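# Coordinates in review
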Amino acid sequence: MSADLLAHARVARGYARHRPRFHPQVVERIAAFTGLAQQGPTQQGHALDIGCGTGLSTEALAPLSAHQAGVDAAATAECLPFAAGRFSLVAVCGAINWIDRRLFLPEARRVLKERGWLVVYDGAERGAMVGRPAFARWYGDHYLKRYPRPPRDERPVTPEEAARGGLDFVHSEDYTLEWPFDLESYVAFMMTQSNITAAVERGLAAETVRADLLSSLKPHFSPGQQRLLFGGYICYLRPQTGNR
């Protein structure tokens, strides 16, 4: 399996319409740590969003930069089509799992300004519903067993990897959000997951999967809207001084 899982038209439509727009809340944390939002518009410079998808993570960078650019399948993270020292911020949201980080980290270092930031963060459902422990059992016993995760490198970037790429590992933090879903909106979100796309590629019909999710999840969403745990990590890296 590869990032090609994300290239399906069905998945692209789902990302645009049904993914939680959690990025601004994460960007608030990034702003607080880096201080980028405290700079005036003319000092903020350019930001690059790696694995931008439908642009949800790109538009969220507006408070941190005067100009934003995003790249996805048309320009790989391992060979960026930009001049050296172009960006004050390079952000990677939910994409590091699909990237060859041995090649990407020095490439990110190349396009960053001397005191720029590389911020790698992830955001995913936690398999837990507020106040409903039975949901976690559904997630582990039903969802993950029927629709296992496709292979990927799920490790956060390590300080050792950062150093090999010419970067200093400055800080990392975890975050958790509570996100409201009703049954239909949660199933629509789950249909964008790589677990489901991999199952469809193996021959399951998307509508069969959707019907299974609706049926098996219905008891957990009675009555109405529920709050799901959503979160991930944020890693902050900067170019090593004097290493261009």
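Before reading on, note that the structure itself is shown above.
All figures in this text were calculated on a predicted structure; none of them were measured in a lab.

How each quantity is defined
Along each chain, residue indices are assigned from 1 in the same order as the chain's sequence is written. At least 70 in pLDDT is required for a residue's local features to be given in this predicted model, at least 80 for side-chain atom pairs to be given and counted, and no such filter applies to totals for whole chains, interfaces and linings, which use all residues. The side-chain numbers reported here are obtained from all heavy atoms of the structure, hydrogens and water having been left aside. Here the term buried applies to any residue with accessible area under 20% of the maximum for its type, exposed to any over 50%, and partly exposed to those in between, with areas from a 1.4 Å probe on protein chains only. For the purposes of this entry, the term helix denotes a DSSP run of H or I that reaches at least four residues, the term strand denotes a run of E that reaches at least two, and both are numbered from the N terminus. Aromatic rings from Phe, Tyr and Trp, taking only the six-membered ring of Trp, are treated as a pair when their centres fall within 6.5 Å; an angle between ring planes under 30 degrees marks them as stacked, one over 60 as edge-to-face, and anything in between as tilted. Here a residue-residue contact requires only that any non-hydrogen atoms of the pair lie within 4.5 Å. One fewer than the residue count of a helix, multiplied by 1.5 Å, yields its expected span.

## Details of helix 8 (residues 194-201)
- Along helix 8, six of the eight residues are buried, which leaves the element largely enclosed by surrounding structure.
- What helix 8 keeps buried is the set S194, N195, I196, T197, A198 and A199.
- In the stretch just after helix 8, G203 is the one whose phi turns positive, near 125°.

## Notes on the packing of aromatic side chains
- Using the criterion set out here, one finds 17 aromatic pairs in the structure.
- Between W117 and Y236, the ring centres sit 6.3 Å apart and the planes meet at 85°, which makes this aromatic pair edge-to-face. Taken together, the positions of W117 in strand 4 (residues 112-121) and Y236 in strand 7 (residues 226-239) put the pair 119 residues apart, joining distant regions of the chain.
- With centroids separated by 6.4 Å and ring planes inclined at 40°, the aromatic side chains of F135 and Y139 adopt a geometry described as tilted. Taken as a pair, F135 and Y139 lie in helix 5 (residues 133-146) at a separation of four residues, close to a single helical turn.
- Ring pairing ties together the aromatic residues F22, F135, W138, Y139, Y143, Y147, F181, Y186, F189, F221 and F230, which thus form one cluster.

## Comments concerning the environment of V92
- Looking at the secondary structure, you find V92 in strand 3 (residues 87-93).
- Those residues within four positions of V92 in sequence are excluded, and the remaining contacts are I50, I99, F104, L118, V119, V120 and Y121.

## Quick word on helix 9 (residues 206-217)
- Compared with an ideal rise of 1.5 Å per residue, which puts 12 residues at 16 Å, helix 9 spans 16 Å between its outermost C-alpha atoms and is within 8% of the ideal.
- Of the residues making up helix 9, those classed as buried are A206, V209, D212, L213, L214, S216 and L217.

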